[in-house]
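Okay, here's what each chain looks like letter by letter:
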Amino acid sequence: MARKTTPARREGRRPLIAGNWKMNLTHLEAIGLVQKLAFSLKEPELEAAEVVVLPPFTALRSVQTLVTGDKLEVGYGAQDLSAHDSGAYTGEVSGAMLAALACRYVVVGHSERRALHGEDDAVVASKVQAALRHGLVPILCVGEGLDVRRAGTHVSHCTTQLDAALEGLTAEQLLAPGDGAGSGGAGSGGGVVIAYEPVWAIGTGEVATPEDAQEVCGAIRSRLAERFGPEAAAVVRILYGGSVKAANTVGILAGPDVDGALVGGASLDADEFVQICRTAADGS
Ligand SMILES: O=C[C@H](O)COP(=O)(O)O
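Residues numbered from 1 in each chain as written. Predicted model: local features only at pLDDT ≥ 70, side-chain atom pairs only at ≥ 80, totals over all residues.

## With respect to the environment of Glu29
Thinking step 1. As for its placement among the helices and strands, Glu29 is situated in helix α2 (residues 27-40).
Thinking step 2. Residue class for Glu29 comes out partly exposed when judged on the 15 C-beta atoms lying within 10 Å of it.
Thinking step 3. Spatially, the C-alpha atoms of Glu29 and Ala59 are 8.8 Å apart, while their sequence positions differ by 30 residues. (Helix = DSSP H or I, 4+ residues; strand = E, 2+ residues; numbered from the N terminus. Buried ≥ 20, exposed ≤ 12 C-beta atoms within 10 Å, placed from the backbone.)

Listed below in C-alpha coordinates is the structure:
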(Lines give C-alpha, C1' and ligand atoms only; values in the text may rest on other atoms or scores of the structure.)
Protein backbone atom coordinates (compact mmCIF):
# COMPACT_ATOMS: atom_id res chain seq x y z
CA MET A 1 0.00 0.00 0.00
CA ALA A 2 1.35 3.43 -0.90
CA ARG A 3 2.50 5.45 2.10
CA LYS A 4 0.43 8.55 2.66
CA THR A 5 2.32 11.71 3.35
CA THR A 6 1.93 13.13 6.82
CA PRO A 7 1.82 16.90 7.27
CA ALA A 8 5.18 16.59 9.07
CA ARG A 9 6.82 14.95 6.08
CA ARG A 10 5.25 17.46 3.70
CA GLU A 11 7.15 20.17 5.56
CA GLY A 12 10.34 18.10 5.62
CA ARG A 13 9.98 17.25 9.29
CA ARG A 14 10.52 13.57 9.99
CA PRO A 15 7.98 12.29 12.53
CA LEU A 16 9.52 11.52 15.91
CA ILE A 17 8.11 9.00 18.37
CA ALA A 18 9.92 9.11 21.72
CA GLY A 19 9.21 6.64 24.51
CA ASN A 20 9.71 8.16 27.95
CA TRP A 21 10.08 5.13 30.20
CA LYS A 22 10.13 7.29 33.34
CA MET A 23 11.33 5.31 36.41
CA ASN A 24 10.67 1.90 34.90
CA LEU A 25 12.83 -1.02 33.68
CA THR A 26 16.22 -2.24 34.85
CA HIS A 27 19.09 -2.24 32.38
CA LEU A 28 18.38 -5.90 31.59
CA GLU A 29 14.70 -5.22 30.93
CA ALA A 30 15.72 -2.22 28.83
CA ILE A 31 17.83 -4.42 26.57
CA GLY A 32 14.92 -6.79 26.07
CA LEU A 33 12.53 -4.00 25.12
CA VAL A 34 14.92 -2.32 22.68
CA GLN A 35 15.61 -5.69 21.03
CA LYS A 36 11.87 -6.28 20.59
CA LEU A 37 11.39 -2.83 19.06
CA ALA A 38 14.29 -3.21 16.68
CA PHE A 39 13.21 -6.66 15.54
CA SER A 40 9.56 -5.67 15.08
CA LEU A 41 10.02 -2.44 13.16
CA LYS A 42 11.09 -2.77 9.54
CA GLU A 43 13.79 -0.67 7.91
CA PRO A 44 11.38 1.50 5.87
CA GLU A 45 9.36 2.22 9.02
CA LEU A 46 12.47 3.28 10.90
CA GLU A 47 13.43 5.45 7.97
CA ALA A 48 10.00 7.07 7.75
CA ALA A 49 9.70 7.81 11.47
CA GLU A 50 12.45 8.41 13.99
CA VAL A 51 12.03 6.05 16.95
CA VAL A 52 13.71 7.00 20.23
CA VAL A 53 13.71 5.50 23.72
CA LEU A 54 14.39 7.51 26.87
CA PRO A 55 15.40 4.99 29.55
CA PRO A 56 16.45 5.73 33.13
CA PHE A 57 20.11 6.77 33.52
CA THR A 58 21.06 3.30 34.78
CA ALA A 59 20.09 1.69 31.47
CA LEU A 60 21.73 4.14 29.08
CA ARG A 61 25.10 2.40 28.84
CA SER A 62 23.43 -0.96 28.15
CA VAL A 63 21.18 0.58 25.50
CA GLN A 64 24.17 2.30 23.91
CA THR A 65 26.13 -0.96 23.76
CA LEU A 66 23.19 -2.79 22.18
CA VAL A 67 22.36 -0.06 19.66
CA THR A 68 25.97 0.43 18.65
CA GLY A 69 26.93 -3.26 18.66
CA ASP A 70 23.94 -4.38 16.62
CA LYS A 71 23.77 -1.18 14.52
CA LEU A 72 20.12 -0.67 15.45
CA GLU A 73 18.19 2.22 13.94
CA VAL A 74 16.67 3.12 17.29
CA GLY A 75 17.75 6.36 18.96
CA TYR A 76 18.04 6.99 22.65
CA GLY A 77 18.40 9.75 25.16
CA ALA A 78 17.93 10.68 28.81
CA GLN A 79 15.00 11.97 30.83
CA ASP A 80 16.81 14.85 32.51
CA LEU A 81 20.23 16.46 32.93
CA SER A 82 21.93 18.82 35.34
CA ALA A 83 22.07 22.52 34.61
CA HIS A 84 25.72 22.31 35.76
CA ASP A 85 28.61 20.80 33.83
CA SER A 86 30.47 19.21 36.75
CA GLY A 87 31.09 19.61 40.48
CA ALA A 88 29.52 18.97 43.86
CA TYR A 89 25.97 18.18 42.74
CA THR A 90 25.25 14.85 44.38
CA GLY A 91 22.94 12.66 42.36
CA GLU A 92 22.98 14.77 39.23
CA VAL A 93 24.10 13.73 35.76
CA SER A 94 25.75 16.21 33.41
CA GLY A 95 25.26 16.83 29.72
CA ALA A 96 28.89 15.84 29.16
CA MET A 97 28.18 12.43 30.71
CA LEU A 98 25.17 11.93 28.44
CA ALA A 99 27.11 13.06 25.38
CA ALA A 100 29.84 10.55 26.29
CA LEU A 101 27.16 7.85 26.06
CA ALA A 102 26.26 9.17 22.59
CA CYS A 103 22.80 10.23 23.70
CA ARG A 104 21.13 12.37 21.07
CA TYR A 105 18.18 13.63 23.11
CA VAL A 106 17.40 14.72 26.63
CA VAL A 107 14.00 15.62 28.08
CA VAL A 108 13.94 19.01 29.78
CA GLY A 109 11.18 20.53 31.87
CA HIS A 110 8.88 17.52 32.04
CA SER A 111 5.87 18.38 34.18
CA GLU A 112 6.89 15.71 36.69
CA ARG A 113 10.25 17.46 37.16
CA ARG A 114 8.52 20.82 37.43
CA ALA A 115 5.93 19.60 39.95
CA LEU A 116 7.87 17.03 41.98
CA HIS A 117 11.35 18.56 41.90
CA GLY A 118 10.50 22.25 41.93
CA GLU A 119 12.01 23.05 38.55
CA ASP A 120 10.92 26.56 37.61
CA ASP A 121 11.26 28.29 34.25
CA ALA A 122 14.76 29.58 35.09
CA VAL A 123 16.01 26.07 35.90
CA VAL A 124 14.38 24.70 32.75
CA ALA A 125 16.05 27.44 30.67
CA SER A 126 19.45 26.66 32.14
CA LYS A 127 18.95 22.96 31.41
CA VAL A 128 18.10 23.76 27.78
CA GLN A 129 21.38 25.69 27.59
CA ALA A 130 23.28 22.83 29.25
CA ALA A 131 21.89 20.35 26.72
CA LEU A 132 22.87 22.55 23.79
CA ARG A 133 26.36 23.14 25.24
CA HIS A 134 26.94 19.41 25.02
CA GLY A 135 25.47 18.83 21.58
CA LEU A 136 22.29 17.21 22.91
CA VAL A 137 18.86 17.96 21.46
CA PRO A 138 16.57 19.03 24.29
CA ILE A 139 12.99 17.78 24.17
CA LEU A 140 11.49 20.77 25.94
CA CYS A 141 8.16 20.01 27.62
CA VAL A 142 5.46 22.62 28.14
CA GLY A 143 1.87 22.14 29.18
CA GLU A 144 -0.95 23.39 31.34
CA GLY A 145 -2.70 21.94 34.36
CA LEU A 146 -6.42 21.35 34.56
CA ASP A 147 -7.11 24.70 36.28
CA VAL A 148 -5.45 26.59 33.44
CA ARG A 149 -7.28 24.54 30.82
CA ARG A 150 -10.60 25.25 32.53
CA ALA A 151 -9.78 28.96 32.64
CA GLY A 152 -9.17 28.86 28.89
CA THR A 153 -5.66 30.35 29.16
CA HIS A 154 -3.79 27.22 28.07
CA VAL A 155 -2.33 28.71 24.89
CA SER A 156 -0.75 31.72 26.57
CA HIS A 157 0.37 29.51 29.48
CA CYS A 158 2.28 27.26 27.09
CA THR A 159 3.78 30.04 24.98
CA THR A 160 4.91 31.80 28.17
CA GLN A 161 6.66 28.61 29.33
CA LEU A 162 8.18 28.33 25.85
CA ASP A 163 9.46 31.91 25.88
CA ALA A 164 11.03 31.45 29.31
CA ALA A 165 12.73 28.17 28.45
CA LEU A 166 14.17 29.46 25.18
CA GLU A 167 15.42 32.73 26.70
CA GLY A 168 18.70 33.73 25.09
CA LEU A 169 18.56 31.15 22.30
CA THR A 170 19.43 32.08 18.74
CA ALA A 171 17.70 30.91 15.56
CA GLU A 172 20.93 29.06 14.71
CA GLN A 173 20.65 27.02 17.92
CA LEU A 174 17.08 26.18 17.07
CA LEU A 175 18.16 25.00 13.64
CA ALA A 176 21.41 23.21 14.36
CA PRO A 177 21.21 19.47 14.93
CA GLY A 178 23.02 18.37 18.08
CA ASP A 179 26.45 16.96 17.31
CA GLY A 180 26.30 14.46 20.16
CA ALA A 181 24.48 12.09 17.83
CA GLY A 182 25.49 8.52 17.48
CA SER A 183 22.40 6.84 18.81
CA GLY A 184 21.09 5.80 15.46
CA GLY A 185 19.25 7.78 12.85
CA ALA A 186 19.51 11.50 13.34
CA GLY A 187 16.25 13.29 12.80
CA SER A 188 15.64 15.83 10.13
CA GLY A 189 14.40 18.33 12.71
CA GLY A 190 16.35 21.13 14.30
CA GLY A 191 18.44 21.45 17.42
CA VAL A 192 15.45 21.67 19.74
CA VAL A 193 12.27 19.57 19.97
CA ILE A 194 9.20 20.90 21.77
CA ALA A 195 6.67 18.61 23.45
CA TYR A 196 3.21 19.87 24.32
CA GLU A 197 2.05 17.80 27.27
CA PRO A 198 -1.15 18.92 28.97
CA VAL A 199 -0.64 17.85 32.59
CA TRP A 200 -4.27 16.74 32.90
CA ALA A 201 -3.69 14.17 30.15
CA ILE A 202 -0.52 12.58 31.53
CA GLY A 203 -1.01 9.06 32.83
CA THR A 204 -4.72 9.70 33.30
CA GLY A 205 -6.16 8.11 30.18
CA GLU A 206 -7.59 11.59 29.36
CA VAL A 207 -6.15 12.25 25.95
CA ALA A 208 -6.48 15.69 24.39
CA THR A 209 -8.57 15.76 21.25
CA PRO A 210 -6.74 16.12 17.93
CA GLU A 211 -8.06 19.71 17.83
CA ASP A 212 -6.68 20.42 21.33
CA ALA A 213 -3.27 19.08 20.33
CA GLN A 214 -3.17 21.02 17.07
CA GLU A 215 -4.37 24.24 18.71
CA VAL A 216 -1.42 24.41 21.10
CA CYS A 217 1.18 22.89 18.76
CA GLY A 218 0.15 25.42 16.11
CA ALA A 219 0.40 28.26 18.61
CA ILE A 220 3.87 27.08 19.63
CA ARG A 221 5.04 27.10 16.00
CA SER A 222 3.57 30.59 15.48
CA ARG A 223 5.38 31.83 18.57
CA LEU A 224 8.64 30.29 17.36
CA ALA A 225 8.14 32.04 14.02
CA GLU A 226 7.62 35.39 15.76
CA ARG A 227 10.77 34.98 17.84
CA PHE A 228 13.13 33.15 15.52
CA GLY A 229 11.69 33.58 12.05
CA PRO A 230 9.53 31.30 9.90
CA GLU A 231 12.42 29.24 8.55
CA ALA A 232 13.59 28.16 11.98
CA ALA A 233 10.02 27.56 13.14
CA ALA A 234 9.31 25.34 10.15
CA VAL A 235 12.19 23.02 11.04
CA VAL A 236 11.37 22.47 14.72
CA ARG A 237 9.49 19.29 15.52
CA ILE A 238 6.61 19.67 17.95
CA LEU A 239 5.31 16.56 19.71
CA TYR A 240 2.15 15.86 21.64
CA GLY A 241 2.31 13.84 24.86
CA GLY A 242 -0.37 12.63 27.26
CA SER A 243 -2.04 9.19 27.22
CA VAL A 244 -0.97 8.48 23.65
CA LYS A 245 -1.84 4.92 22.66
CA ALA A 246 -2.00 2.98 19.42
CA ALA A 247 -5.74 3.60 19.25
CA ASN A 248 -5.52 7.41 19.34
CA THR A 249 -2.29 8.00 17.41
CA VAL A 250 -3.87 8.54 14.00
CA GLY A 251 -6.04 11.39 15.27
CA ILE A 252 -3.30 13.01 17.33
CA LEU A 253 -0.83 13.01 14.44
CA ALA A 254 -3.38 14.42 12.00
CA GLY A 255 -2.70 18.02 13.00
CA PRO A 256 -0.34 19.77 10.58
CA ASP A 257 1.81 21.06 13.45
CA VAL A 258 1.97 17.79 15.38
CA ASP A 259 5.17 16.05 14.32
CA GLY A 260 5.13 13.07 16.62
CA ALA A 261 4.49 11.94 20.16
CA LEU A 262 6.17 11.74 23.54
CA VAL A 263 4.78 8.48 24.86
CA GLY A 264 4.85 7.48 28.53
CA GLY A 265 3.02 4.37 29.73
CA ALA A 266 2.38 2.91 26.28
CA SER A 267 6.10 2.95 25.47
CA LEU A 268 6.68 0.20 28.05
CA ASP A 269 4.58 -2.24 26.02
CA ALA A 270 6.56 -3.33 22.95
CA ASP A 271 3.53 -4.23 20.83
CA GLU A 272 1.69 -1.00 21.66
CA PHE A 273 4.74 1.19 21.06
CA VAL A 274 5.56 -0.58 17.80
CA GLN A 275 2.01 0.11 16.63
CA ILE A 276 2.34 3.82 17.50
CA CYS A 277 5.64 4.01 15.60
CA ARG A 278 4.14 2.16 12.64
CA THR A 279 1.21 4.58 12.51
CA ALA A 280 3.60 7.53 12.46
CA ALA A 281 5.67 5.87 9.75
CA ASP A 282 2.66 5.04 7.62
CA GLY A 283 1.25 8.51 7.99
CA SER A 284 -2.21 7.02 8.01
O1 LIG B 1 6.55 11.93 28.82
C2 LIG B 1 5.48 11.38 28.63
C3 LIG B 1 4.25 11.92 29.18
O4 LIG B 1 4.36 12.25 30.50
C5 LIG B 1 3.03 11.12 28.83
O6 LIG B 1 2.86 10.03 29.69
P7 LIG B 1 1.63 9.03 29.41
O8 LIG B 1 1.72 8.63 27.97
O9 LIG B 1 1.84 7.88 30.34
O10 LIG B 1 0.38 9.81 29.67
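## A word on the UniProt feature "binding site: substrate" (unreviewed entry) in the protein chain
Thinking step 1. Per the UniProt record, the feature "binding site: substrate" (unreviewed entry) sits at Asn20, Trp21, Lys22, Gly203, Ser243, Gly264 and Gly265. Across 246 residues of sequence, these annotated residues stay compact in space, with a maximum C-alpha separation of 13.8 Å.
Thinking step 2. Setting aside anything within four residues of it in sequence, one finds Ser243 in contact with Ala201, Thr204, Gly205, Glu206 and Val207. (UniProt positions renumbered as here; feature names shortened; annotations may be inferred. Contact = placed C-beta atoms within 7 Å.)

## Topic: the nonpolar core
Thinking step 1. Judged by nonpolar contacts, the single largest core of 88 residues is most densely connected at Val106, Ile139, Ile194 and Tyr196.
Thinking step 2. Discounting residues that sit within four places of it in the chain, Ile139 has contacts with Ala18, Tyr105, Val106, Val107, Val108, Val193, Ala195 and Leu262. (Core = buried A, V, L, I, M, F, W, Y, C linked by C-beta atoms within 7 Å.)

## Some remarks on the sheet that holds strand β1 (residues 16-20)
Thinking step 1. Sheet architecture is closed into a barrel: 8 strands sit in the order β1-β2-β3-β4-β5-β6-β7-β8, paired in parallel fashion. The sheet shows a mean angle of 25° between the axes of neighbouring strands, taken without regard to direction.
Thinking step 2. The strands touched by helix α7 (residues 121-133) are β4 (105-108) and β5 (137-142); relative to β4, the strand with the most contacts, the crossing angle is about 175°.
Thinking step 3. In this fold helix α9 (residues 154-165) packs onto β5 and β6 (193-196), with an angle of close to 145° to the strand it touches most, β5. (Pairing = 2+ DSSP bridges. Axes fitted to C-alpha atoms, helices over the stretch in contact; angles between N-to-C directions.)

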